[in-house]
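In case you want the letters, here they are:
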Amino acid sequence: MSKPLIIAIDGPAGAGKSTVARALAQRLGLTYIDSGATYRAAALKVVESRVSPADPAAVLDSVNHCRITFATDDGEWHVMLDDRDVAGLIRTPEVTRAAAWVSRVPEVRQKLVALQREAAQGAGVVMEGRDIGTVVFPDAPLKIFLEAHPAERARRRLDQEQADGRSASLTATADEIRRRDQLDAERKVSPLLPAADAVRIDSTHLTAGEVVERILNLAKERGLIEKSGALNAE
Ligand code: DC
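As the structure is a computational prediction, the values presented were derived from the model and not from experiment.

Chemist: Would you mind showing me how to read the overall build of the protein chain here?
Modeler: The helix and strand inventory of the protein chain stands at 9 helices and 8 strands. Taking 234 residues into account, the globule formula puts the C-alpha radius of gyration at 17 Å, and the protein chain, at 17 Å, falls close to it. The C-alpha extent of the protein chain, read off along each of the three principal axes, is 50 × 40 × 35 Å. With the model as given, the accessible surface of the protein chain reaches about 11,500 Å², and the carbon-plus-sulfur share is 51%. Positive and negative charge centroids in the protein chain, built from 32 and 34 side chains respectively, lie 3 Å apart.

Chemist: So what exactly am I meant to see when it comes to the side chain of Glu161 here?
Modeler: Mapped onto the elements, Glu161 comes out in helix α7 (residues 150-163). Not counting residues up to four positions away in its chain, the partners in contact with Glu161 are Arg166 and Ala168.

Chemist: Where do I start with helix α3 (residues 56-64) in this structure?
Modeler: Residues that lie three or four places apart on an α-helix share one face, since the helix turns once every 3.6 residues. Where α3 is concerned, the buried positions are Val59, Leu60, Ser62 and Val63. Taken down its axis, α3 places every buried residue within 165 degrees of arc, on the same side. Here the buried face of α3 lies against α2 (36-48), α4 (93-102) and α5 (106-119).

Chemist: Please clarify how the sheet that holds strand β7 (residues 142-147) should be interpreted in this entry.
Modeler: Within a sheet, adjacent strands bond to each other through the backbone by hydrogen bonds, running parallel or antiparallel. With parallel pairing, 5 strands are arranged side by side in an open sheet as β2-β6-β1-β7-β8. At either end of the open sheet lies a strand with only one pairing partner, and these are β2 (31-34) and β8 (199-202). Neighbouring strand axes in the sheet, compared pairwise and without regard to direction, differ in orientation by 20 degrees on average. In this structure, strand β1 (residues 6-10) lies alongside β7, joined through 4 bridges in parallel fashion. What sits directly across from Ile7, in β7, is Leu142.

Chemist: Teacher, can you tell me more about the site of the ligand here?
Modeler: Near the ligand lie 15 residues; those nearest to it are Arg40, Arg109, Arg130, Asp131 and Arg180. Within the side chain of Arg109, one N or O atom sits 2.8 Å away from an oxygen atom of the ligand. Within the complex, 97% of the 450 Å² of free accessible area of the ligand lies under protein. Given that more than half its atoms are within 2 Å of the pocket grid, the ligand belongs to the largest pocket. Looking at the shell around the ligand, the elements with two or more residues in it are α2, α4 and α8 (170-186).

Rules behind the numbers
- Residues numbered from 1 in each chain as written.
- Predicted model: local features only at pLDDT ≥ 70, side-chain atom pairs only at ≥ 80, totals over all residues.
- Heavy atoms only, no water.
- Helix = DSSP H or I, 4+ residues; strand = E, 2+ residues; numbered from the N terminus.
- Rg over C-alpha atoms; globule rule 2.2 N^0.38 Å.
- Areas by Shrake-Rupley, 256 points an atom, 1.4 Å probe, with all protein chains shown as cover.
- Lys, Arg positive; Asp, Glu negative; His and termini not counted.
- Charge placed at Lys NZ, Arg CZ, Asp CG, Glu CD.
- Contact = heavy atoms within 4.5 Å.
- Buried < 20%, exposed > 50% of the residue type's maximum accessible area, 1.4 Å probe, protein only.
- Arc of directions from axis to C-beta.
- Pairing = 2+ DSSP bridges.
- Axes fitted to C-alpha atoms, helices over the stretch in contact; angles between N-to-C directions.
- Near = heavy atom within 4 Å.
- Polar contact = N/O pair within 3.5 Å; in protein donor to acceptor, adjacent residues only side chain to side chain.
- 1 Å grid on protein atoms, 1.4 Å probe; cavity = no way out; pocket = protein on both sides within 12 Å on 5 of 7 lines; lining within 4 Å.
- Sits in = over half its atoms within 2 Å of the grid points.

Structure representation (structure tokens):
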């Protein structure tokens with residue numbers, strides 16, 4: 001029996017990973033997992049504990065005193081913090097900023113990578129993040145590194161913020177994306193880099209649907225799915 005299919009989608013903030021990964025999972029009947037939600041849940045804990053996100057020892061201590069898990073309902077995986085569904089609390093600007101710091105702490109990453117691997121156990125998944133193809137699933141048979149021009153990423157992120165009912169300006173969003181890009185690229189553990197065997201897709205001038213089609217074609221070319229688009233039998 002072959003192993004369940006794992007598709008890794010990595011790339012910077014605002015490149016369209018969530019939309020693409022979610023749509024791809026739906027098309028293939030795979031589970032969609034957002035690894036960033038685990039860093040955000042850890043960051044929420046840090047914010048709620050009133051610990052400085054820039055203090056690695058304090059961050060680790062607070063993360064060691066909480067339980068982050070995934071729970072499923074309606075086929076979507078929700079991140080849980082101490083058995084609370086925190087999906088609705090982890091997208092605020094404060095948590096976003098804290099997550100960029102929290103994800104720099106190596107021991108926190110170790111813990112969350114273990115959780116991400118566990119969540120995918122036994123199931124076919126599309127997992128999005130920054131280090132899925134390099135660290136979490138280095139053997140994934142299909143790795144995508146999704147990029148887009150920073151101005152386009154800021155525009156998309158702003159649309160999302162507004163759709164979520166948060167007010168934000170394009171300048172502030174562009175600044176935030178720049179700051180996070182820098183933190184993600186500079187960090188010593190798992191800096192944001194494409195895996196050597198990742199396929200890079202620039203989505204600046206592509207719709208999410210077009211990106212999904214490209215990925216499906218790659219999966220077909222590699223024999224991971226049938227020409228009809230169905231998953232190859234295990
Ligand atoms: O994708 P996101 O914006 O929800 O990610 C939140 C933070 O977590 C962001 O600062 C990058 C970090 N992250 C990471 O370091 N590794 C991952 N696999 C996913 C997210």
